[in-house]
Amino acid sequence: MMINHKTRTLFAAVALMAMVSPSVAQTKMCKDTTEHRRLEIAMWTAGGQDDPEVLYEACRNFHKHALAEKDMYSACQAWICGAMFNLGRMNIRDAYLITRQMGEELAEDKDATEERYFMPNMMGHVYSTCGNISGAMEEFQKAAEAIKGTQYESDELAFIYLALAHAQLNNDLEEAQHWLDETKTHLEKHQNARNYYRAKADAYALEAIVKFKLHNIPGFRQSLAEMEKADSCNTVPSGDIFLPYARIYEILLDGDVERALKEAEKLNNEKELYLVKCDVYDYIGDKDKAFLTQRELMHKRDSITGIMIIENLETHEKEISLLKEQAKMSRRVYLILVHTVFLAILAIVLMARNIMIRRRSRKRLLEKNAELRAAYKQVSAADKMRTEFIRNISHEIRTPLNIINGFTQVLTEESMEFDPEERRTIGNTISDNTLQITSLVNKILALANESSQDLISKVEETDALDVCRKAIQGMPHVDATNVQVLFDDQIPEGEEKFVTNGYSLLMMLSYMLENSVKFTEKGHIRLMLDRDDSHFLFSVEDTGCGIPEDKVEVIFERFMKVDEFKEGLGLGLAYCYETAQKLGGNLRLAQTSKEGTTFTLSLPIKLNKT
């Protein structure tokens, strides 16, 4: 039903053009109203005929005119006319190629941002025609998101919602009803839209069909009444997208099966013709004809082989009827008929098996695609991390190397003379920077070793007080005249020991204290040791510059630096956070402000090794 809705809509628009002013018959971009209207009428008139060459010629003429006027909306209508012509005849391949050409043209036009919803919308119709429901739903939802906020939203978003509902009409009635509800919600917000009553009538027509399929006959009658009421208020002569289909079901409920089938045969769209006939046969209990009708549609979708099997089945059906009428037919003919029927059944079984295999293959392919996407994300993250690491390590090593190189050149310059104090200062500077590089390399190696080890397997009884003292002793140099280093032990005597990885604990406290030293120029740095019933608590408090608000949420990520001009790789806090997690604990930012920062490390007293 939905496949032909653009064609029906624009055929009605042709009649409308004859009644309205020239400015309505064209888009805002077009200047030549008369020529625009003539070419558009010719195109959609050709769409109602069966000559593809005449149609394509009319589409080319209208498309050329639209591009000359820089009217991308009308240019897309030319592509759509050709695609819909083919979809109505189930020529899916040509419809797909036309849609792809339209997409390429839209992509090349940088100004056609608001018309880009045409591409996923048409791909949704292509997928819907060939039975790819999940693909159709995905494309229609892309179109719905793309049209929001554009000049076309109020008039055309409702029809995209209707397309979503229609795609699920023979697959998931609950999902179809959901999109019908979305359609109604949208329409209530845009009651002044030109297509309000037209879309409303179509929504109630589709809802009536949903209720018919659910065997809710009173609900069907109610929705049908709402459909007719909306249609009576419709001033746009194109509100018949779904109405004819709903009326066929009404004829069927009134008991006139023959008339319902005749009305179904008048439908312009081959796919919908089969589906409606299948519903009619199913309603009257003729399961054989319903099955054959459904199978015929499936074969038309799949391949020429499918079409040949359908033709064979139709031949066999005639032979079976002839056999019933001629009961005295020879045994030879009877055996041939049984054989051919067996072959037909075998073909159906093989086809069913083929369909099941294809579905399983598709499921496996989707799973593999999901795995590949996940792997790609991991590779991208790793590549990003590698790049960031190289950038940071290059910067941190380059600076001390430049200092060492510069002072070395000064010392080796024959013309330069130094007194002992200058020479000692230069030597100390070279030594300090050499130690800085060595410390940096050692830290990287330690981090690499820690990340690859099983920390839980190396836990032992650890003296928390002793580890804290070692961490303070190993702190970087602090100017004691400006910064006071404090240790606050609140652990009762005799309760200092617990089971954990002592080396990893020392490393975490060292990095936390080193981090405070970097950002504290005045005040104090305090290491506090405490415990509760289940955890040891290690807190490092400083009076540094604090952490900016935009980095609070990401402070524990790798390579995250509060100040890009401070030395370091931005790995210390990330290491502490990850190691604490491995040891069953946690590292959190307790508080931060311009007056200072406090980090709290908690580790379990009783570690669960399982």
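Residues numbered from 1 in each chain as written. Predicted model: local features only at pLDDT ≥ 70, side-chain atom pairs only at ≥ 80, totals over all residues. Heavy atoms only, no water.

Asks: What's the story with the overall build of the chain in this structure? I'm lost.
Replies: Across its full length, the chain holds 21 helices and seven strands. Scored against the burial criterion, the 610 residues of the chain give a buried share of 43%. In the chain, 64% of the contacts between residues at least 6 apart in sequence involve partners at least 24 apart. When the accessible surface of the chain is split by element, carbon and sulfur atoms take 52% of a total near 33,300 Å². (Helix = DSSP H or I, 4+ residues; strand = E, 2+ residues; numbered from the N terminus. Buried < 20%, exposed > 50% of the residue type's maximum accessible area, 1.4 Å probe, protein only. Contact = heavy atoms within 4.5 Å. Areas by Shrake-Rupley, 256 points an atom, 1.4 Å probe, with all protein chains shown as cover.)

Asks: I would appreciate a short explanation of the nonpolar core in the present structure.
Replies: Considering soluble globular proteins, one finds that nonpolar side chains tend to be buried as a cluster. If you look at the biggest cluster of nonpolar residues, it comprises 79 residues, and the most contacted ones within it are Met102, Leu106, Phe118, Ile160 and Val276. If you tally residues by element for this core, the top one is helix 10 (residues 196–213), at 11 residues. When residues no more than four places from it in sequence are discounted, the contact partners of Ile160 are Tyr117, Asn121, Phe140, Ala143, Ala144 and Ile147. The next biggest cluster of nonpolar side chains, apart from the first, holds 41 residues, and it includes Leu455, Val483, Met508 and Leu513. (Core = buried A, V, L, I, M, F, W, Y, C linked by side-chain atoms within 4.5 Å.)

Asks: Hey, could you run me through the packing of helix 11 (residues 217–233) against helix 12 (residues 243–253) in this one?
Replies: Packed helices, taken two at a time, are described by the angle between their axes plus the distance between the axes. Closest axis-to-axis distance for the helix 11/helix 12 pair is 11 Å, and the angle between their directions is 140°. Taken together, helix 11 and helix 12 sit at an angle that is classed as oblique. Read as a crossing pair, helix 11 and helix 12 show a hand that is left-handed. Along the contact surface, helix 11 presents Ile217, Phe220, Arg221, Leu224, Met227, Glu228 and Asp231, while helix 12 presents Leu243, Ala246, Arg247, Tyr249, Glu250 and Leu253. When grouped by side-chain class, the residues that make up the contact of helix 11 with helix 12 number eight nonpolar, no polar and five charged. (Axes fitted to C-alpha atoms, helices over the stretch in contact; angles between N-to-C directions. Parallel < 35°, antiparallel > 145°, perpendicular 65-115°, else oblique. Left-handed = near helix turned anticlockwise from the far one by under 90°. Nonpolar A, V, L, I, M, F, W, Y, C, P; charged D, E, K, R; others polar.)

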